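These are the residues of each chain, in order.
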Amino acid sequence: MKLLPVVFLCVAGAAAGSGLGWVLRGASPHPSGNPNQSEGSGRVSLPAGKKAIHSLGPDAAREAARLDELKAELGRQPGALRWLYLLGAAEEASAADMPRLVRAASSEPAALRMLAVRWAELDPKHMFDTLCADAARSGAGIPGSDLSAVGDLKDLLFETWMQKDQKAALEALGNLSALPRMDAVRLGIASNMMKSDPAQAFKLMGDWNLRNFVPPLDGISQWVAKNPRTAAESVIAADLGSLGSQVLDRVGREWAAADPESALAFAGEHRGPAGQQLAQGAFAAWAARDFQSALSWLNARNDAVTRATLAPPLIETWSKTDPQAAFVWANENLKGDARSAAASTIVKSMAEQNIDSAAAFIAGLESGTGKNMAASQLVTSWLAKNKPEDAAAAFKWMTSMPDSSARDAALQSASWRMVDLVPETVMNYLNTPDGAKAPPGLVDFAARRLTQDKGPAVAMDWTTKVPEAQRVQAQRSVLSNWLTTQPESALTWLRSQPEGNARNSYVAATASQLSWQSFETASQWVQSLPAADRPAALTGLRQTGPALSSHNRAALEAMLK
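Rules behind the numbers
Residues numbered from 1 in each chain as written. Predicted model: local features only at pLDDT ≥ 70, side-chain atom pairs only at ≥ 80, totals over all residues. Heavy atoms only, no water. Helix = DSSP H or I, 4+ residues; strand = E, 2+ residues; numbered from the N terminus. Areas by Shrake-Rupley, 256 points an atom, 1.4 Å probe, with all protein chains shown as cover. Buried < 20%, exposed > 50% of the residue type's maximum accessible area, 1.4 Å probe, protein only. Polar contact = N/O pair within 3.5 Å; in protein donor to acceptor, adjacent residues only side chain to side chain. Contact = heavy atoms within 4.5 Å. Core = buried A, V, L, I, M, F, W, Y, C linked by side-chain atoms within 4.5 Å. Expected span 1.5 Å × (residues − 1). Phe/Tyr/Trp six-rings, centres within 6.5 Å; stacked < 30°, edge-to-face > 60°. Bend = angle between axes of the 7 residues up to and from the residue. Axes fitted to C-alpha atoms, helices over the stretch in contact; angles between N-to-C directions. Parallel < 35°, antiparallel > 145°, perpendicular 65-115°, else oblique. Left-handed = near helix turned anticlockwise from the far one by under 90°. Nonpolar A, V, L, I, M, F, W, Y, C, P; charged D, E, K, R; others polar.

What follows deals with the overall build of the protein chain. When helices and strands are counted, the protein chain shows 33 helices and zero strands. For the protein chain, the exposed surface amounts to about 27700 Å²; the carbon and sulfur share of it is 52%.

Relative to the assigned elements, Asp-197 resides in the loop between helix 10 (183-194) and helix 11 (198-207). Residue Asp-197 is classed as partly exposed on the basis of its relative accessible area, which comes to 33%. C-alpha separation for the pair Asp-197 and Ile-220, spaced 23 residues apart in sequence, amounts to 9.5 Å.

Turning next to the side chain of Thr-451. As for its position among the elements, Thr-451 is in helix 26 (residues 440-454). Within the local environment of Thr-451, its side chain forms a polar contact with the backbone oxygen of Ala-447, the two atoms lying 2.7 Å apart. Contact partners of Thr-451, with chain neighbours within four places excluded, come to Pro-456, Ala-459, Val-478 and Asn-481.

Moving on: the nonpolar core. Among the nonpolar cores identified, the biggest contains 158 residues, and Phe-158, Phe-202, Trp-329, Leu-378, Trp-397 and Met-418 are the most heavily contacted of them. Aside from chain neighbours lying at most four places away, what touches Phe-202 is Met-194, Leu-217, Ile-220, Trp-223, Val-235, Ala-238, Leu-240 and Val-247.

Time to look at helix 14 (residues 242-258). Between the first and last C-alpha of helix 14 there are 26 Å, a value that for 17 residues agrees with the 24 Å anticipated at 1.5 Å per step. The complete set of buried residues in helix 14 reads Leu-243, Gly-244, Val-247, Leu-248, Asp-249, Val-251, Gly-252, Trp-255 and Ala-256. The secondary structure elements touched by the buried residues of helix 14 are helix 11, helix 12 (220-226), helix 13 (228-238), helix 15 (260-268) and helix 16 (273-289).

Below, the discussion takes up the environment of Arg-118. Within the secondary structure, Arg-118 sits in helix 6 (residues 109-122). For the pair Arg-118 and Met-98, spaced 20 residues apart in sequence, the C-alpha to C-alpha distance is 8.5 Å.

Right, let's get into the packing of aromatic side chains. Across all of its chains, the model carries 15 aromatic pairs by this definition. With a centroid separation of 5.9 Å and an interplanar angle of 55 degrees, the aromatic rings of Phe-128 and Trp-161 are classed as tilted. Highlighted residues: Phe-128 in helix 7 (residues 124-139) and Trp-161 in helix 8 (residues 153-164), separated in sequence by 33 residues. When sorted by exposure, Phe-128 lands in the same class as Trp-161, which is buried. Each ring, one from Trp-382 and one from Trp-397, has its centre 6.1 Å from the other, and the planes form 55 degrees; the classification is tilted. Pair noted here: Trp-382 is in helix 22 (residues 369-383) and Trp-397 is in helix 23 (residues 388-399), with a separation of 15 residues, a long-range link. In terms of burial, Trp-382 and Trp-397 fall into one category: buried. Chaining the aromatic ring pairs together yields one cluster made of Phe-128, Phe-158 and Trp-161.

Given 3.6 residues per turn, any residue in an α-helix points the same way as the ones three and four places further on. A rise of 1.5 Å per residue sets the reference length of helix 18 (residues 304-318), with its 15 residues, at 21 Å; its end C-alpha atoms lie 19 Å apart and thus fit the reference within 8%. At Ala-311, helix 18 is deflected by roughly 45 degrees, the largest bend along its length, and proline Pro-312 occurs up to four residues later in sequence. Residues of helix 18 that are buried: Thr-306, Arg-307, Thr-309, Leu-310, Ala-311, Pro-313, Leu-314, Ile-315 and Trp-318. Buried residues in helix 18 make contact with helix 15, helix 16, helix 17 (291-299), helix 19 (323-333) and helix 20 (336-353). Sitting at the head of helix 18, Asp-303 places a side-chain oxygen 3.0 Å from the backbone nitrogen of Val-305.

Orientation of helix 22 relative to helix 24 (residues 404-421), taken along the N-to-C sense of each, is 20 degrees, at an axis distance of 7 Å. If you check the angle between helix 22 and helix 24, you find them roughly parallel. For the element pair helix 22 and helix 24, the recorded crossing hand is right-handed. Facing Lys-371, Asn-372, Ala-375, Ser-376, Val-379 and Leu-383 of helix 22, the residues of helix 24 in contact are Ser-405, Ala-406, Ala-409, Ala-410, Ser-413, Ala-414, Arg-417, Met-418 and Leu-421. Residue classes in the contact of helix 22 with helix 24 are distributed as nine nonpolar, four polar and two charged.

Written out as structure tokens, the structure is:
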């Protein structure tokens, strides 16, 4: 007796599915006929809400009417019977019937997935073409449901299609303009393929222009071990941009585990960025595993380019155990930017262990680019702790440096973080005579931060207390922020300023900013300027750059002449 309800549901579902098949094909299973069809006329009578679709033509109107009846038919079915109803209909439906059935069931996620898989099994090419057509209509602003934007239809289509006919599925995916928002689907397929065929996966990613995504690289080790040269050639040929650099680094490291010299020899045959990335990855792995052998190999090379290319991973490894020896080697074997970068790398490693030792190391460096980079790197490492007390200590160290070039480089690079972490410390410093030595970036960030936090009036009052050498810069920064948030109030302040170089500077800055913010506002302001301010405004316009169109620039300049 307990089986009777189940049997009844199955029989009812099958019957209902059969009836739904009639609705799918444009006929009605109900004796009363289609409520939207005038008897004997062959014309579809649409409610007022369908007028936009009706205006597209009789086919679209007829389709809309059929879809409405199908939805109504589904709505009449309670609970589990609706599922059986859909299941029965899907079993009887052809690929041509599936779009209408999927649209009718779009509010039922579980049913939608079942129908999508069934459609893809019946005819994946038909499903793909339907999604493409929907996307095209939607992009053209034509009303109607867009199945290409529904749930997981695209994922389910290609998941099924790849199992049914991989070649055809990949051919469809190769048309990059047919179906929008497909990067996630393509990346998923490439990621799955990476486990079994990395060469094919990388080729597809290059063909599909997936250069900003990093797929799982689990299959790389075995692939490289099997034939490292072929693996490297495959990645280089795919032309993957920044992703290619990451992969080549990984290939180089894996290759070096077995034969670092062969990896470096291959990299030497490719002098561009690809060869450099492969070489650095291979050499880094070699230096980490057998430092002395790697160092001996590099010392035997007299090529300055090779030494400059491989110095970064060598110095990074060496500086963790003997930073002084690494620095001596860098001074003896490197030149120019490579030597400066080495000093920065050494400081980074030292700072991870002891900030004071890194600071003492920098104090002993000769003035120049290397010392400037090292000082900036130390502050970056110091501030990475993201604690106000560390920021205050770093600020004290920077401002007490006797080397003005290194001090300015460090302060400039850390300006934003300093103002963010210890704003009061920065403001107080800029109010002292020593503040006259601060780089422009620190003054600019401090003024803007104070304007945002306290308002332009308080910020302008603060600028009167900074050393005269910094005052105009500070006021220009406040004014710039002020013009963005309260333009009328800022322009009133500007008009109150006495004539002189400072006012000229403010007028030039205002002309530059207003001209790219709003041509209408700029033109009204320009026309209101007294004759004495017009030369400064003209100077500001010419400093605006390409943000101002040539037409608008010419019009504003004509007003100022």
